[in-house]
Amino acid sequence: MKKFRHISDFIAENKYRYLIGIMSLLATDGAQLILPRLYGKITDLLKEGGISKGGLLYYILLVCLLSFGIAVFRFLWRYLVLGASRNIESKLRRRFYDHLQTLSLNYYNNHKTGDLMAHATNDIAQIREAFGIGIIMIVDSLVIPVIAVVMMFTTAGIKLSLISILPLLFLGLVIVFFVKEMHSRYHNMQEAFSQLTETARENFSGIRVIKSFAQELKEIYKFEKVNRHNKEMNLRLIRIMRLLFPFIMGISALSTAIALWYGGIMVMYAEISLGDFVAFTGYLAMLVWPIASVGWITSMIQRGTVSIERINNILDEKPEITDAGTDTSIKEIRGAITFNNLTFSYPGNNEPVLKNINIAIEEGKTLAIVGHTGSGKTTLANLIPRLYNTPSGSLLIDGVDIYKIPLKVLRSSIGYVPQDTFLFSATIYENIDFFEGQGPESVERAAKTSMIYDNIMEFPDGFNTFVGERGVNLSGGQKQRIAIARALNRNPKILILDDCLSAVDTYTEEQILKKLKVELQKRTSIIISHRISTIKDADEIIVLHNGEITERGTHDTLLAQKGIYYDLYQKQLLKEELERVE
């Protein structure tokens, strides 16, 4: 039962569906087990001539009634049991998705999106099959053979029954070997499918880069290699399944042949009646399907077992960042930020990315961060919304340790524009509003501040324009400005802009900065940029180099120091001069 720990409550919710469904299935099986006996009795009566037209009509009506009952109860068990499995699938997928939302950013850094997609689709579908048709087949395979064998013994005696069933006992021993091998092969097949999904996802996401570098053939070769491996893993499973099925049918045919030979002799010597032999062959035929489906049931249960283990592994993952120990009395923040001798390393890496960081940002002030690529600028920004855990006491908000502030309170008070702009497959309005529900006026005001409003109104559908996956039909600058509008729309206490003007031209940047100047005065702001023109008016500027603060001050004081900041400024002046000459 430990394997079912994450779905046991869903099973309990559907217990009455399963109970009534299985009872309906047993009623169906019971009616089916009566029919061979009824056919045998009709055969004996016809042979002996001891039945009238009225009597024959009675038996025919009885057969029709049983057949109708079978149809009704078959509908009930299909509706109830398969419906219960769909309920479990839906709720498990919801739980899986909800759990993924709680996992920390570091989890996604170490796990492929394609694997998670395969778990969310293929694995959960396999669990549904196991708890749907799998349960039906298990009950059928347990009930029908047992009752059919009992009826065979009572109808035709021990001798004919044993000699007919003997080959089927050998079949059970062979299936034990197949089950173990199928489990291993199905696990390999699932892993191959995950790899195939991830390769396809990565290719579609990077299609522009692939085409720009004319690497279509290389990518086709790469996909073909993964696709071929997926095919081989599927074929390995199919081979053993296809070997099992003919073997089962062959043994079943041998059992039937023995019954016809020995049973025919018994009828000839009047040891059993013809009707009993007809009933016996009917019961023997009823054994064929449960036995023939053993391989299918085994495969289905093995697939479901592997899938539930894979889902359990993810649901057992504990989020690194939780609300444990937070002060629930904190309902809002004002925006003062203090880094107190912070040294930070990414999980699983002992090498510090940030070292001895000491910064005090007063409420409503603007801090600018500059530095070469890889100096730790984005890492520093990611710590403020607590995307990663920091050493206790090293990061304070309003003088309170960040661990004491509930995640929802903290993150709902932050407007973050990341370096890698991401837009959802939705309208421009929905991308800016992003479930905040601030209303059209707020969305339009944010769009005007980020200088994207005029561009939006040029589209035929305005704010209702569908931007496509990741904003595929927008320019880089337009995507960045929509992302800025999204951050401003929530009216945050803390605004983080991580190199979010890199794709706009200098003139547009100046216009946006003028508009933002008013907004920045209302909140605590952190601006990361490679352009000095973007951050020169900040209240304080720090220069990061190899994870350490090497320079700090205002624009003028940093120029006077003639250090890294001065060099960056001179290089940008030279670049602008060359652009004007050209």
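Here the focus is the packing of helix H14 (residues 440–449) against helix H16 (residues 476–489). As a packed pair, H14 and H16 sit with axes 8 Å apart at the nearest point and diverge in direction by 130°. On the basis of the axis angle, H14 is oblique to H16. Judged by the sense of rotation from one axis to the other, the crossing of H14 with H16 is right-handed. Here Ser 442, Val 443, Ala 446, Ala 447 and Thr 449 of H14 lie close against H16, whose contacting residues are Ala 485, Leu 488 and Asn 489.

What follows deals with H14. All of the buried residues along H14 are Ser 442, Val 443, Ala 446, Ala 447 and Thr 449. Buried residues of H14, viewed axially, fall in a sector of 160°; they line one side. Opposite the packed face of H14, turned more than 90 degrees from it, sit the exposed residues Pro 440, Glu 441 and Arg 445. At its buried positions, H14 is contacted by helix H13 (428–433), helix H15 (453–458), H16 and helix H17 (506–521). Positive backbone phi, at 60°, marks Met 451, one or two positions downstream of H14.

All right, on to empty space enclosed by the protein then. Counted according to the given criterion, the structure contains 2 cavities of 30 Å³ or more. In this model, the largest cavity occupies a volume close to 70 Å³. Of all elements in the fold, only strand S7 (494–498), H17 and strand S8 (524–528) reach the threshold of two or more residues within the lining of the largest cavity.

Ordered by their spatial adjacency, 6 strands build an open sheet running S6-S7-S8-S3-S9-S10, and the pairing between neighbours is mixed. Strands with a single pairing partner mark the edges of an open sheet, and in this sheet they are strand S6 (414–417) and strand S10 (548–553). Sheet twist, expressed as the mean angle between neighbouring strand axes with direction ignored, is 15°. Here 5 bridges tie strand S9 (residues 540–545) to S10, and the two strands are oriented antiparallel to one another. Paired with Ile 542 across the strands is Arg 552, a residue of S10. Strands in contact with H16 are S6 and S7; relative to S6, the strand with the most contacts, it is inclined by about 175°.

This part is about the environment of Ile 248. Summarising the element assignment, Ile 248 is placed in helix H8 (residues 216–268). Distance from Ile 248 to Leu 171, taken between C-alpha atoms, is 7.0 Å for residues 77 residues apart in sequence.

In this approach, a probe sized like a water molecule rolls over the atoms, and the result shows the empty space that is left. Put simply, the second largest pocket is a space of about 560 Å³. Taken together, 23 residues form the lining of the second largest pocket, with Leu 513, Ser 533, Thr 534, Lys 536 and Asp 537 sitting closest to its centre. Broken down by secondary-structure element, the contributors of at least two residues to the lining of the second largest pocket are H17, helix H18 (532–535) and helix H20 (564–581). In terms of residue count, the dominant contributor to the lining of the second largest pocket is H17 (8 residues). Broken down by class, the residue content of the lining of the second largest pocket amounts to 8 nonpolar, 7 polar and 8 charged.

Time to look at the sheet that holds strand S1 (residues 337–344). On the basis of which strands lie adjacent, the open sheet formed by 4 strands has the order S2-S1-S4-S5 and antiparallel pairing. Each of the sheet's edge strands pairs with one partner strand only, and the pair in question is strand S2 (354–361) and strand S5 (400–401).

Moving on: the nonpolar core. If you look at the biggest cluster of nonpolar residues, it comprises 40 residues, and the most contacted ones within it are Ile 432, Ile 535, Ile 541 and Tyr 565. Counting residues per element, this core draws most heavily on H16, at 6 residues. Once residues within four sequence positions are removed from consideration, Ile 535 is found in contact with Ala 368, Val 370, Ile 527, Ser 529, Ile 541 and Tyr 565. Counting 35 residues, the second-largest nonpolar core is a separate cluster that includes Leu 33, Ile 165, Ile 248 and Met 266.

So, about the domain arrangement of the protein chain. Considered domain by domain, the protein chain is made up of domain 1 (1–156 + 294–319), domain 2 (158–271) and domain 3 (337–581). Here the C-alpha centre of domain 3 lies 55 Å away from the C-alpha centre of domain 1.

Here the focus is the pattern of salt bridges. Pairing between side chains becomes possible if they bear opposite charge and their charged atoms approach one another. If you walk through the whole model with that rule in mind, you get 16 salt bridges. We note a salt bridge from Asp 316 to Arg 5, for which the minimum N-O separation is 2.5 Å. Within this pair, whereas Asp 316 is found in the loop between helix H10 (294–315) and S1, its partner Arg 5 is found in the segment before helix H1 (8–13), the two being separated by 311 residues in sequence. For Arg 5, a relative accessible area of 36% puts it in the partly exposed group.

Let us look at the packing of aromatic side chains. Applying the stated criterion to the full structure yields 11 aromatic pairs. Consider the rings of Phe 4 and Phe 131, whose centres lie 5.6 Å apart with planes at 75°: the pair is edge-to-face. With Phe 4 in the segment before H1 and Phe 131 in helix H5 (residues 113–131), this residue pair connects regions lying 127 residues apart in the sequence. Under the relative-accessibility criterion, Phe 4 is labelled partly exposed at 27%.

Conventions we followed
Residues numbered from 1 in each chain as written. Predicted model: local features only at pLDDT ≥ 70, side-chain atom pairs only at ≥ 80, totals over all residues. Heavy atoms only, no water. Axes fitted to C-alpha atoms, helices over the stretch in contact; angles between N-to-C directions. Helix = DSSP H or I, 4+ residues; strand = E, 2+ residues; numbered from the N terminus. Parallel < 35°, antiparallel > 145°, perpendicular 65-115°, else oblique. Left-handed = near helix turned anticlockwise from the far one by under 90°. Contact = heavy atoms within 4.5 Å. Buried < 20%, exposed > 50% of the residue type's maximum accessible area, 1.4 Å probe, protein only. Arc of directions from axis to C-beta. 1 Å grid on protein atoms, 1.4 Å probe; cavity = no way out; pocket = protein on both sides within 12 Å on 5 of 7 lines; lining within 4 Å. Points joined across faces, edges and corners; volume = space filled by probe spheres on them. Pairing = 2+ DSSP bridges. Nonpolar A, V, L, I, M, F, W, Y, C, P; charged D, E, K, R; others polar. Core = buried A, V, L, I, M, F, W, Y, C linked by side-chain atoms within 4.5 Å. Domains from an automatic or database assignment. Salt bridge = Lys/Arg side-chain N within 4 Å of Asp/Glu carboxyl O. Phe/Tyr/Trp six-rings, centres within 6.5 Å; stacked < 30°, edge-to-face > 60°.

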